[in-house]
Amino acid sequence: MNIGDAATKAGLPAKTIRYYEDIGLVKPRRDANGYRAFVQTDIHKLTFLARARALGFSIEDCRDLLALWEDSSRASSDVRQIAQEHLARIEAKIADLEDMRDTLKTLVRDCAGDDRPDCPILNRLGDPA
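Here is a short report on the structure shown in this document. These numbers come from a predicted model, not from an experiment.

### Quick word on the packing of aromatic side chains
Inference 1: Under the counting rule described, the total for this entry stands at 2 aromatic pairs.
Inference 2: Aromatic side chains Tyr19 and Tyr20 sit 6.1 Å apart centroid to centroid with 45 degrees between the ring planes, which places their arrangement in the tilted category.
Inference 3: With relative accessibility at 42%, the residue Tyr19 sits in the partly exposed group.
Inference 4: Owing to a relative accessible area of 4%, Tyr20 belongs among the buried residues under this scheme.
Inference 5: Between Phe48 and Trp69 the ring centres are 4.7 Å apart and the planes differ by 20 degrees, which places this aromatic pair in the stacked class. Linking Phe48 in helix α3 (residues 40-54) with Trp69 in helix α4 (residues 59-70), this pair joins segments that are 21 residues apart in sequence.

So this is what it looks like as structure tokens:
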């Protein structure tokens, strides 16, 4: 199948598929005319990559996960480690976002929001760290 069909089946833009090919994540065969010819295995890989990226895995994590997915002698502990590391990064981001939310809530609460020029939000942003 051509790249348009592959894109539809995998739920990815053709541009993303070309990028994945450029960086070596997928390697569709080429027809005699030079066009990409995707087979079902390629669609499985693309779908796998789409799902992994939707979960926020980095390209390098995806490369490692794809290699493990293709390796029937893999240890599930290797897969779990990648997922645990990614989960830890997500949890750290959530903690950072919660801290930002709490700080902004306090700043908004402390700002009168009236016609006076005094503004705790601007004062706090201007404070040296």
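### Concerning the nonpolar core
Inference 1: Counting residues in hydrophobic clusters, the biggest one holds 22 residues, and the most contacted among them are Leu12, Ile17, Tyr20, Phe38, Leu46 and Leu49.
Inference 2: In contact with Leu46, other than residues within four places in its own chain, are Ala6, Ala10, Leu12, Ile17, Tyr20, Val26 and Phe38.

### Concerning the packing of helix α1 (residues 3-10) against α3
Angle between the axes and distance between the axes are the two parameters that describe a pair of packed helices.
Inference 1: α3 packs onto α1 with a crossing angle of 50 degrees between their chain directions and a minimal axis gap of 9 Å. Taken together, the axes of α1 and α3 lie oblique to each other. The two elements α1 and α3 meet at a crossing, and its hand is right-handed. Counting all contacts with α1, which are made through Ala6, Lys9 and Ala10, the residues of α3 involved are Ile43, Leu46, Thr47 and Ala50.
Inference 2: For the contact of α1 with α3, the per-class residue count stands at 5 nonpolar, 1 polar and 1 charged.

### Let's talk about the packing of α4 against helix α5 (residues 76-110)
Inference 1: Running from amino to carboxyl end, α4 crosses α5 at an angle of 155 degrees, the nearest separation of the two axes being 10 Å. The angle between α4 and α5 falls in the class roughly antiparallel. Between α4 and α5 lies a crossing of left-handed hand. Between α4 and α5, the contacting residues are Asp61, Asp64, Leu65 and Leu68 on the first element and Asp78, Val79, Ile82, His86 and Arg89 on the second.
Inference 2: Taken together, the residues of the contact of α4 with α5 sort by class into 4 nonpolar, 1 polar and 4 charged.

What counts and what doesn't
Residues numbered from 1 in each chain as written. Predicted model: local features only at pLDDT ≥ 70, side-chain atom pairs only at ≥ 80, totals over all residues. Heavy atoms only, no water. Phe/Tyr/Trp six-rings, centres within 6.5 Å; stacked < 30°, edge-to-face > 60°. Buried < 20%, exposed > 50% of the residue type's maximum accessible area, 1.4 Å probe, protein only. Helix = DSSP H or I, 4+ residues; strand = E, 2+ residues; numbered from the N terminus. Core = buried A, V, L, I, M, F, W, Y, C linked by side-chain atoms within 4.5 Å. Contact = heavy atoms within 4.5 Å. Axes fitted to C-alpha atoms, helices over the stretch in contact; angles between N-to-C directions. Parallel < 35°, antiparallel > 145°, perpendicular 65-115°, else oblique. Left-handed = near helix turned anticlockwise from the far one by under 90°. Nonpolar A, V, L, I, M, F, W, Y, C, P; charged D, E, K, R; others polar.

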